[in-house]
Amino acid sequence: MCGIIGIASSKLVAQNIIHSLKKLEYRGYDSAGIATIVDNEIHEKKCAGRVDNLEKLLFKNPSKGSLGIGHVRWATHGIPSQLNAHPHSSDEVSVVHNGIIENSTLLKKNLEEKGYKFKSQTDTEVITFLLTDFLKSYDLVDAINKTLKALNGSFALGILFKKYSNIVVGARRGSPLAVGYGPEENYLGSDSYALKSMTNKITYLDDGDVCILTNNKIEFYNSENKKINKKILTLSEDKQFTDKGDYKDFMSKEINEQNITAKTCVKEYVDQLRKDINLYNFPINPKDIEKIVLIGCGTAYHSCITAKYWFEELTNIPIEIDIASEFRYRKINFNNKNLYVFVSQSGETADTYAALDLCKKNNVKTCSIVNVVESSIARSSDFVLPIHAGPEIGVASTKAFIGQMLVLFILAIKISEIRKEINKTDYENKIDDLQKLPDLIKDTINYCQDNTPIIAKDFIKAKGSMFLGRGLSFPIALEGALKLKELSYLHAEGYPAGEMKHGPLALIEEGLPVVILAPKDRYFEKTISNMQEVIARGGKVILITDEDNKIISENVRFTLKIAKTNEYLSPFLMTIPLQLLAYHVAALKNCDIDKPRNLAKSVTVE
Ligand code: F6R
């Protein structure tokens, strides 16, 4: 959360900072700000709301200077406002910060006693005044070091100094930060995506690293204050994903390209000629695995629940699933015969990263399923299985969910084959199914595209809604409810259909929209009975099924018939109408689809 940009150049930087901040808005968008150095003075401009507001401010009163830092905020300490927007500056330094300073209350008290006057409610301002204070007695590197040592918690920082007016400083602990190498200028960014339009040569900072940028040089120091060299990586070109094209927003583009996500992913993992799945150098022999633990947050966690059903069915290995923010604080009995799998689109989610770190400290085997292969989670795990979805810009995860499920399913099939839990024919049939999946996804998108807008109208007027499914449709029900909540700000509950009579049935009343996911699987009849219970109590049922039988749809308000497939693949298709439904409800309510309120794409704080 929060986005940082810094540029050390010989040309004016404000415009490029604004351009990069727009790219970083997916990380936070409640306020924005910029600071530059002009004639050895710090000049700061900031405002509440989007980067567009900051741009308007700069249009009226342009920022000069060839050195600058910028920030987009996702509020943690203090309301979204101009005063709480970053940078936070004193006469001597200006700071942008991503992360949380856990001991800020104590530090603030000490600094106030020394006479420092705080203007904001943020935790960041303590960094500004700590630096200002240490600079009175120490040189640059020591003052930075002393400041960082005083901080508990997580941070990525971008700093400007009045006294050292040709440098931008970056520092990282717990929150990601990258530097970029440009022609006659250098950059600091909270991720490579923000830097991509300026350079494809980047270096990621590790925890404890500090970097000092001028327009023609970058120096790195580690946590012991020793000068170090770091690897420069070349980023791949992925322009087709970062451009909305003819779509109104990134989310509709990303929903519509899910067949391509599936196609690319299958192509990466499946050897069509040999009818086999490529999985080289896996960190643990699948025959020796005693248990698989799947860990993620939000939508990524939903892909873990889905995978539990596949793994249990196909591999005969005990499976545990965990929400990363819970896993990291529980007493876990680690076992080096277990495989710990971390699922994350961004690869930067703080809780997932902390859970992975805990596993590493306990010397167990880790594997990550990520979209961003250069991410902290990918770089820290023993083995990486990329989902190959390309950048996902819409804050609500769509194509990454399909990609995560697909890689998990592919992994389940391969482990099953290695452990001889399925025979060759079954294995090859599953591979054939994988090849058919992209077209089935495309057909489902096309069909649901036209039918979901009309269904969406029912949700606007209702006071809430429910999403129900059994078996593999249960996690998809959770995902459908999550998508609706985050995009349209309407209350929605996802439940296993069989749980209804244990409490949630009390919520059903005349006109409440209830989405029933009922593929023709082993649970079908049971789910339809649960649906009847809802209808009997006045619920307005939207049935999503691949069954033709018209009889089941009596008294159902809408039936969405999706493409027929087998039980294993139905979660992929069931997901699509739910994404589109959430999209259209949000569109009817005029919500900001790509940037829902209070959220951010990369959750780099706890
Ligand atoms: C929901 C959504 C979030 C993320 C969650 C984990 O649409 O996007 O629930 O899935 O914050 O993020 P990653 O996958 O980046 O670890």
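This one's a predicted model, so the numbers in the text were calculated from it and none came from an experiment.

**Student:** Go over the sheet that holds strand 4 (residues 67-73) with me, naming the residues and quoting the values.
**Tutor:** What the eight strands build is an open sheet, ordered 3-2-4-1-10-9-11-15; its pairing is antiparallel. Across the chains shown, the open sheet's two edge strands, defined by having one partner strand only, are strand 3 (41-48) and strand 15 (233-234). Relative to strand 4, strand 1 (residues 3-8) is paired through six bridges, and the arrangement is antiparallel. In the sheet register, Ile-7 faces strand 4, and the bridge partner there is Gly-68. Where helix 1 (residues 14-24) meets the sheet, it contacts strand 1, strand 2 (31-38), strand 4 and strand 10 (185-189), and its direction lies at approximately 155° from that of strand 1. Contacts from helix 2 (residues 51-60) reach strand 2, strand 3 and strand 4 within the one sheet, and its direction differs from that of strand 3 by about 130°.

**Student:** Any chance you could break down the domain arrangement of the chain for me, citing the residues and the numbers?
**Tutor:** With domains assigned, the chain is organised as domain 1 (3-235), domain 2 (243-448) and domain 3 (452-588). Computed from C-alpha atoms alone, the centre-to-centre distance between domain 1 and domain 2 is 34 Å. Between domain 1 and domain 2, the residue contacts involve ten residues of the former and seven residues of the latter. Of the roughly 770 Å² buried at the junction of domain 1 and domain 2 (both faces included), carbon and sulfur atoms supply 55%. In this assembly, domain 1 and domain 2 are joined by one salt bridge. One salt bridge connects Arg-379 with Asp-206, and the closest N-O pair in it is separated by 4.0 Å. In this assembly, domain 1 and domain 2 are joined by zero residue pairs in polar contact (both at pLDDT 80 or more).

**Student:** Describe the site of the ligand, listing the residues and the values that go with them.
**Tutor:** Looking at the ligand, there are 16 residues lining it, with Ser-344, Gln-345, Ser-346, Thr-349 and Glu-486 nearest. Contact distances for the ligand include 2.9 Å between an oxygen atom and a backbone N or O atom of Ser-397. Here an oxygen atom of the ligand sits 2.4 Å away from a polar atom, N or O, in the side chain of Glu-486. Here the ligand loses 89% of its free accessible area of 400 Å² to cover by the protein chains. In terms of residue class, the shell around the ligand is built from six nonpolar, eight polar and two charged. Looking at the shell around the ligand, you find at least three residues from each of domain 2 (243-448) and domain 3 (452-588).

**Student:** So, the pattern of salt bridges: which residues are in play, and what are the values?
**Tutor:** Where charged atoms from two side chains of opposite charge come close, those side chains can pair. Overall, the coordinates contain 40 salt bridges when judged by the stated rule. Put simply, Glu-392 and Lys-601 hold a salt bridge, and the shortest N to O gap is 2.6 Å. A residue pair is termed long-range when its members are at least 10 positions apart, and Glu-392 in the loop between strand 22 (383-386) and helix 13 (399-418) and Lys-601 in the segment after helix 17 (570-588) qualify at 209 residues. Neither residue differs from the other here; Glu-392 and Lys-601 are each classed as buried. Note that Lys-540 and Asp-458 form a salt bridge whose closest N and O atoms lie 3.5 Å from each other. Of this pair, Lys-540 sits in strand 26 (residues 540-545) while Asp-458 sits in helix 14 (residues 424-461), and the two are 82 residues apart along the sequence. Here Lys-540 falls in the partly exposed class, since its relative accessible area comes to 25%. On the accessibility criterion, Asp-458 (3% relative accessible area) is buried.

**Student:** Give me the lowdown on the sheet that holds strand 19 (residues 319-323), citing residues and values where you can.
**Tutor:** Judged by pairing direction, the sheet is parallel, and its five strands sit side by side in the order 19-18-20-21-22 without closing on themselves. Across the chains shown, the open sheet's two edge strands, defined by having one partner strand only, are strand 19 and strand 22. Mean inter-strand twist for the sheet, computed between neighbouring axes without regard to direction, equals 20°. Inspection of the sheet shows strand 21 (residues 365-370) paired to strand 22 by four bridges, in the parallel sense. Bridge pairing in strand 22 links Cys-367 to Phe-383. Those strands touched by helix 11 (residues 350-361) are strand 18 (291-296), strand 20 (338-344) and strand 21, and its axis lies near 160° from that of strand 20.

Rules and cut-offs
Residues numbered from 1 in each chain as written. Predicted model: local features only at pLDDT ≥ 70, side-chain atom pairs only at ≥ 80, totals over all residues. Heavy atoms only, no water. Pairing = 2+ DSSP bridges. Helix = DSSP H or I, 4+ residues; strand = E, 2+ residues; numbered from the N terminus. Contact = heavy atoms within 4.5 Å. Axes fitted to C-alpha atoms, helices over the stretch in contact; angles between N-to-C directions. Domains from an automatic or database assignment. Buried area = accessible area lost by both parts, 1.4 Å probe. Salt bridge = Lys/Arg side-chain N within 4 Å of Asp/Glu carboxyl O. Polar contact = N/O pair within 3.5 Å; in protein donor to acceptor, adjacent residues only side chain to side chain. Near = heavy atom within 4 Å. Areas by Shrake-Rupley, 256 points an atom, 1.4 Å probe, with all protein chains shown as cover. Nonpolar A, V, L, I, M, F, W, Y, C, P; charged D, E, K, R; others polar. Buried < 20%, exposed > 50% of the residue type's maximum accessible area, 1.4 Å probe, protein only.

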